[in-house]
Amino acid sequence: MLMIRIFQIAFLTSLALLLTGCRSPAEEPIWERVKITDLVSSDGSEQVNRQRLETINFNVYIYEIPSDNIGTLEEIWPMVYAQPLQFNNFESFSANSFLAGFGQIPMWSRIADLLRSADGVQVGTVSLLLPDGRSNDVAVAILDKEQAIFYFSEKRSMIKAKFEPGQFGLRIQAEKIAGSRGVCAVSVLPVFSPLKRGSLPLLSRQEKPGDILFTATGFSLKMSPGDFVLVGPEKYNNSLTTLGGLFFSKPAGSLFFSELERKMPEHKPALRLFLLVCTGIN
């Protein structure tokens, strides 16, 4: 009997230790999840299998900040560069309230600090593995009913068009540059894709009949692993009937909390930013 009781105690003790060791670690702060070293692929044996696939890889990080902190963007935009970007039509790009800037990973830490000081939060991440010359869409906004949208065309003329239920997104396309190792040509284009009855959500697709490309509001550039593009609004527009408002505004708001000040979380109207990072060219 003594041996049986000793065995039972040893078994229960081992089980308790096992369960304790399996507990999930505490949730890390949101700004600890994306570090400079996380934005590019690490070298190591675990990457070997991935590199057998001939793809151009990106991560797209989506951030929100309270709309009343939009002044923080006035500090961020001068930190990134417009020169590497080739705009399809800069006048229309600007008229639709789009802004974009190029940077490299060592610059991100300071930008992240500014976003954190503005109570910014990361609300989404999309990983893209694009075969050479192919594209993929990052969903931004969904129309669940027919709606009129205003936007500026290549002639900077205001257009009012009715859109059926569907998805607005950013179409990312990448292509290797012959003779240039570790460099790819990237294009970023706002797009609308209709949701036909019975169809699946448009998460990954090439251009299909019915797609509407906002060509005048697109841009292109050359990127290498470690390069990024930040896309955001020139100003806050709380109207969801404009192209810029649909992409960058969230009048319904989000819950924000400050990591730097002790105060209660607040629900505020929000604006969006998109960070496109090239993580690898295989």
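Just above sits the structure.
This section reports on the structure supplied with the text.

1. Side note on the packing of aromatic side chains
Now for step 1: Within the structure shown, the criterion is met by 19 aromatic pairs.
Now for step 2: Look at Phe-168 and Phe-247: their rings are 6.4 Å apart centre to centre, the planes differ by 80°, and that puts the pair in the edge-to-face class. Here Phe-247 lies in helix 7 (residues 243–248) and Phe-168 lies in strand 8 (residues 166–176), a separation of 79 residues in the sequence. Taken individually, Phe-168 and Phe-247 each receive the classification buried, so the pair is uniform in this respect.

2. Section: the pairing of strand 12 (residues 227–233)
Now for step 1: Burial within strand 12 is extensive, with seven of its seven residues counted as buried.
Now for step 2: Where strand 3 (residues 98–104) lies against strand 12, seven bridges are found, and the strand directions are antiparallel. By the bridge assignment for strand 12, Gln-104 is matched with Asp-227.
Now for step 3: Where strand 12 lies against strand 14 (residues 266–281), four bridges are found, and the strand directions are antiparallel. In the sheet register, Leu-230 faces strand 14, and the bridge partner there is Leu-275.

3. Regarding empty space enclosed by the protein
Now for step 1: Summed over all chains, the structure comprises three cavities of 30 Å³ or more.
Now for step 2: Roughly 40 Å³ of internal volume is contained in the largest cavity.
Now for step 3: Contributing elements (two or more residues each) for the lining of the largest cavity: strand 8 and strand 14.
Now for step 4: Of the residues assigned to the lining of the largest cavity, the class counts are seven nonpolar, no polar and no charged.

Conventions we followed
- Residue numbers run consecutively from 1 along every chain, following the written order of its sequence.
- Whole-chain, interface and lining totals are the exception, using all residues; otherwise, since this is a predicted model, local features are given only for residues with pLDDT of at least 70 and side-chain atom pairs are given and counted only at 80 or more.
- To get the side-chain values, take all heavy atoms of the structure and skip hydrogens and water.
- By convention, a stacked pair of Phe, Tyr or Trp rings (six-membered ring in the case of Trp) has centres within 6.5 Å and planes under 30 degrees apart, an edge-to-face pair has planes over 60 apart, and any other such pair is tilted.
- Every helix listed is a DSSP run of H or I at least four residues long, and every strand listed is a run of E at least two residues long, numbered separately from the N terminus.
- For every residue, the accessible area (1.4 Å probe, protein chains only) is compared with the maximum for its type, and the residue is labelled buried under 20%, exposed over 50%, or partly exposed between those bounds.
- By definition, two strands form a pair when at least two bridges between them are found by DSSP.
- A 1.4 Å probe that fits but cannot get out identifies a cavity on a 1 Å grid over protein atoms alone, an open set with protein on both sides within 12 Å along at least five of seven lines counts as a pocket, and a residue lines either if it has an atom within 4 Å of a point.
- Grid points are joined across faces, edges and corners, and a volume is the space filled by probe spheres set on the points.
- Charged residues are taken to be Asp, Glu, Lys and Arg, nonpolar residues to be Ala, Val, Leu, Ile, Met, Phe, Trp, Tyr, Cys and Pro, and polar residues to be all remaining types, Gly included.

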